[in-house]
Amino acid sequence: MISSYYHKHSVSYRNNEITIALRLAMELILDSAITEEVEDISKWGVLDGVTTNPSLIRKSGANFEDTIRKIAEICPGPISAEVTSHSTNEMIEEAIDLKSRLPKNVIIKIPCTPDGLAATKTLSERGIPVNVTLIFSVSQALLSAKAGAAYVSPFVGRLDDIGQDGLGLIEDISQVWGVQGIKNCKILAASIRSRRHVEVSAKLGAHAATIPYSIFTELIQHELTDSGLDKFKSDWEAVKSEGRA
Ligand code: G3P
């Protein structure tokens, strides 16, 4: 797995070992439109981007464009901003308008529909990166890649919700990407509900995962880290009280 990932990302890393490590790591994206959450996770130094959608914007209670602009200042991106129109021409128009007004690290999220595919094709040909969202099958992922998507977003949790195998979809798409030699379209595991979803998506070859704030904060936690740190602290206090530091 490591060697194939290395091969897929064999660009401009040869003179800098640190850059190699960064490129090998899966993109970690926050699935949120709450700027405080983005600021918080951004401080960890591991946040690549943010995905938003109309539901997350609604939940944030804030203005759409203000929110996207603030987020785009906080982290490098990609920041996904979703179109809300439905016909091909309207989606293209909306995407071009958004892209022209919003910061450069914003990419456009388009739903996986026939109109969305046609919009993706036109936008990608014009150099506008598209994240195709609401993907629930290998066929939808394949069609989206064919249309020129920069990212496909399979919804892991929502498939689990209806008794299907969300991580199985990541595995299947990853396998197809390998067999077909698809290199310019990243698999972005979305609708993440657990730490296991993140870890297994990484293991299965997802290039990115978009993770809700509550799960992101779980990723860093382990009870043995906490108890180990407590022990280090108390032992160090003992060393100091003995005058040895
Ligand atoms: O980016 C959107 C996707 O992650 C949706 O997640 O939890 O609403 O299924 P959820």
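Residues numbered from 1 in each chain as written. Predicted model: local features only at pLDDT ≥ 70, side-chain atom pairs only at ≥ 80, totals over all residues.

1. Considering the confidence of the model for the chain
Averaged over all residues, the pLDDT of the chain is 92; the fraction at 70 or higher stands at 90%. In the model, residues 1-14 has pLDDT below 50 throughout and makes nine contacts with residues more than four positions away in sequence or in other chains. (pLDDT = per-residue confidence, 0-100. Contact = placed C-beta atoms within 7 Å.)

2. Regarding helix 7 (residues 114-125)
With 12 residues, helix 7 should reach 16 Å at 1.5 Å per residue; the first-to-last C-alpha distance of 17 Å fits that figure. Among all positions of helix 7, only Gly116, Leu117, Ala119, Thr120 and Leu123 are buried. One face of helix 7 carries all of its buried residues, which in axial projection span an arc of 165°. Every exposed residue of helix 7 that faces more than 90 degrees away from the buried side is listed here: Pro114 and Glu125. Contacts made by the buried residues of helix 7 are with helix 6 (88-101), strand 4 (106-111), strand 5 (130-135) and helix 8 (138-146). Looking one or two residues beyond helix 7, the residue adopting positive phi is glycine 127, at roughly 85°. (Helix = DSSP H or I, 4+ residues; strand = E, 2+ residues; numbered from the N terminus. Expected span 1.5 Å × (residues − 1). Buried ≥ 20, exposed ≤ 12 C-beta atoms within 10 Å, placed from the backbone. Arc of directions from axis to C-beta.)

3. Some words on the site of the ligand
In the vicinity of the ligand, the residues found are Asp31, Thr51, Asn53, Phe155, Gly157, Arg158, Ala190, Ser191 and Thr210. The class makeup of the residues in the shell around the ligand is two nonpolar, five polar and two charged. (Near = placed C-beta within 6 Å. Nonpolar A, V, L, I, M, F, W, Y, C, P; charged D, E, K, R; others polar.)

4. A closer look at the sheet that holds strand 4
Pairing within the closed barrel is parallel, and its eight strands lie in the order 1-2-3-4-5-6-7-8. Shown here is a sheet whose adjacent strand axes are inclined to one another by a mean of 30°, direction ignored. Sheet analysis places strand 4 next to strand 5, joined by four bridges and oriented parallel. Opposite isoleucine 108, over in strand 5, you have valine 130 as the bridge partner. (Pairing = 2+ DSSP bridges. Axes fitted to C-alpha atoms, helices over the stretch in contact; angles between N-to-C directions.)

5. Some words on the packing of helix 10 (residues 166-180) against helix 11 (residues 195-204)
Close contact between helix 10 and helix 11 brings their axes to 9 Å; oriented N to C, the two are set at 15°. It follows that helix 10 is roughly parallel to helix 11 by the angle criterion. Crossing angle aside, the handedness with which helix 10 passes helix 11 is right-handed. Every residue of helix 11 that contacts helix 10 at Leu167, Ile170, Glu171 and Ser174 is listed here: His197, Val200, Ser201 and Leu204. (Parallel < 35°, antiparallel > 145°, perpendicular 65-115°, else oblique. Left-handed = near helix turned anticlockwise from the far one by under 90°.)

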